Amino acid sequence: MKLVAAAAAAALIAGAGTASARQPFGILGDRAPDARPAMLVLGTPHFDNPGRDIVNQKIEDVLTPGRQREIEAIVERLAAFRPTHVAVEWRSSRQEKLDQRYADYRAGRYQLSRDERDQIGLRLAARLGLDRVHAVDWNEMPPGEEADYDFLAYAQQNGLAESFDKARAAKQAQANRETGRMRCTNVAAWLRNLNTPEARRESHRAYYDIALVGDAQTNPGANWVGSWYGRNLKIFANLVRLADRPEDRVVVIYGAGHGPLLAQFAEESGAFEVVDPLANLPEAAARPACPNGDAQDS
């Protein structure tokens, strides 16, 4: 079976220059630079504090009048990019539910929640008059059993819990310090800090540590990181299917941890022209009257 699959892949690549090979498969590497749709990947914190990540930040209320003005300024700058599509971290299998929410919002029947998909995604699409906000996420159980991916249980059972907990505590303390700084800056500063090349590299580095949790026979850490890559490849595939014309321009609004891989896949594949998010955000700014980390809001 492996030899058959390898032979088929080799034949596909070898025939990439022929019309018959390109037509059904659309080899991404064949796209000329001027024929690539533009993609802007905007990594965000989770504004509504779902608390589902290994390390979580406590984001203050973004529904205050001051924060709402800051988010509106972000949407205006993103709108100047002239997106033809807005894609968000919402399971593609639940597109119908997102369609209903967006339709209700445009009709005045739905009030935006704190969720960044609402605050930036729905608001941006409505500002542009787009027909849909696109759900492109995949977040199902990968093949195998849950135990195959449970690196936390492996750490507990093999004497690694203490060192793992220390590393996680250090990351959480760093996140808490950043949360304190965020109180004194505008929302644009939050997004700019998360989307610098340095911040993306630092964020992604943790996955290499997780991948080492295991041994020569049992590799739950590598399995879990492999599933993380797989999830992001499925998201990437959804984006390729969504924006397949040279004139397409897509803004992708996702949890910041996805940003490094989505941008990497988009660039290395030749599928997209990857646009710098920093060039499409307002400038960072301090908030007025912020003694001891408490900004005034009005």
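Report on the accompanying structure.

Quick look at the pairing of strand β3 (residues 134-137)
Both faces of β3 are covered, namely the face carrying H134 and V136 and the face carrying A135 and D137. The pairing of strand β2 (residues 85-91) with β3 spans three bridges and is parallel. What sits directly across from R91, in β3, is D137.

Regarding the environment of P282
Positionally, P282 belongs in the segment after β5 (273-275). Sequence separation between P282 and A73 is 209 residues; the distance between their C-alpha atoms is 7.0 Å. Apart from residues no more than four positions distant in its own chain, P282 is found in contact with A73, I74, R77, A188 and R192.

Side note on the pairing of β2
Across a regular strand the side chains alternate sides, sitting on one face of the sheet and then on the other. When you tally the buried positions in β2, you get six out of seven residues, the bulk of the element. Alignment of β2 against strand β4 (residues 249-255), held across four bridges, turns out to be parallel. In the strand pairing of β4, V88 is matched with I253.

A few points about helix α5 (residues 116-128)
With 13 residues, α5 extends 17 Å between its outermost C-alpha atoms, agreeing within 8% with the 18 Å of an ideal straight helix rising 1.5 Å per residue. Those residues of α5 that fall on the buried side of the exposure criterion are E116, D118, Q119, I120, G121, L122, R123, L124 and A125. For α5, the secondary structure elements touched by its buried residues are β1 (38-44), α3 (65-79), β2, α4 (95-106), α8 (187-194) and β4.

Some points on the packing of α3 against α5
Interaxial distance between α3 and α5 falls to 10 Å at its minimum, and their mutual angle equals 50°. The angle between the axes of α3 and α5 places the two elements in the oblique class. In the crossing of α3 with α5, the sense of the turn from one axis to the other is right-handed. Each of Q68, I71, E72, V75, E76, L78 and A79 in α3 lies in contact with α5, whose residues at this interface are Q119, I120, R123, L124, R127 and L128.

Some words on the sheet that holds β2
Taking strand neighbours across the sheet as the criterion, the five strands line up as β3-β2-β4-β1-β5 in an open arrangement whose pairing is parallel. Of all strands in the sheet, those with a lone pairing partner are β3 and β5, marking the two edges. Pairs of neighbouring strands in the sheet enclose a mean axial angle of 35°, with direction left out of account. Packing of α4 onto the sheet brings it into contact with β2 and β3, and relative to β2 it is tilted by some 125°.

Here's the deal with the packing of helix α10 (residues 220-242) against helix α11 (residues 259-269)
Closest axis-to-axis distance for the α10/α11 pair is 10 Å, and the angle between their directions is 60°. One element, α10, and the other, α11, form an angle in the oblique class. Seen along the crossing, α10 lies across α11 with a hand that is right-handed. For the pair α10 and α11, the contacting residues are W228, Y229, N232, L233, I235 and F236 in the first and L261, L262, F265, A266 and S269 in the second.

Here's the deal with α4
Taking 1.5 Å of rise per residue, twelve residues should cover 16 Å, and α4 covers 16 Å from first to last C-alpha, within 8% of that figure. Buried residues along α4 sit in contact with β2, α5 and β3. Remark: G108 follows α4 within two positions and exhibits a positive phi of approximately 80°.

A word on the pattern of salt bridges
This model, assessed by the stated rule, comprises 17 salt bridges. The shortest N-O distance in the salt bridge between R91 and E140 comes to 3.3 Å. With R91 in strand β2 and E140 in the loop between β3 and α6 (151-157), this pair connects stretches of sequence that are 49 residues apart. The network of salt bridges with common partners includes E60, R67, E70 and R287.

So, how was this worked out
- Residues numbered from 1 in each chain as written.
- Predicted model: local features only at pLDDT ≥ 70, side-chain atom pairs only at ≥ 80, totals over all residues.
- Heavy atoms only, no water.
- Buried < 20%, exposed > 50% of the residue type's maximum accessible area, 1.4 Å probe, protein only.
- Helix = DSSP H or I, 4+ residues; strand = E, 2+ residues; numbered from the N terminus.
- Pairing = 2+ DSSP bridges.
- Contact = heavy atoms within 4.5 Å.
- Expected span 1.5 Å × (residues − 1).
- Axes fitted to C-alpha atoms, helices over the stretch in contact; angles between N-to-C directions.
- Parallel < 35°, antiparallel > 145°, perpendicular 65-115°, else oblique.
- Left-handed = near helix turned anticlockwise from the far one by under 90°.
- Salt bridge = Lys/Arg side-chain N within 4 Å of Asp/Glu carboxyl O.

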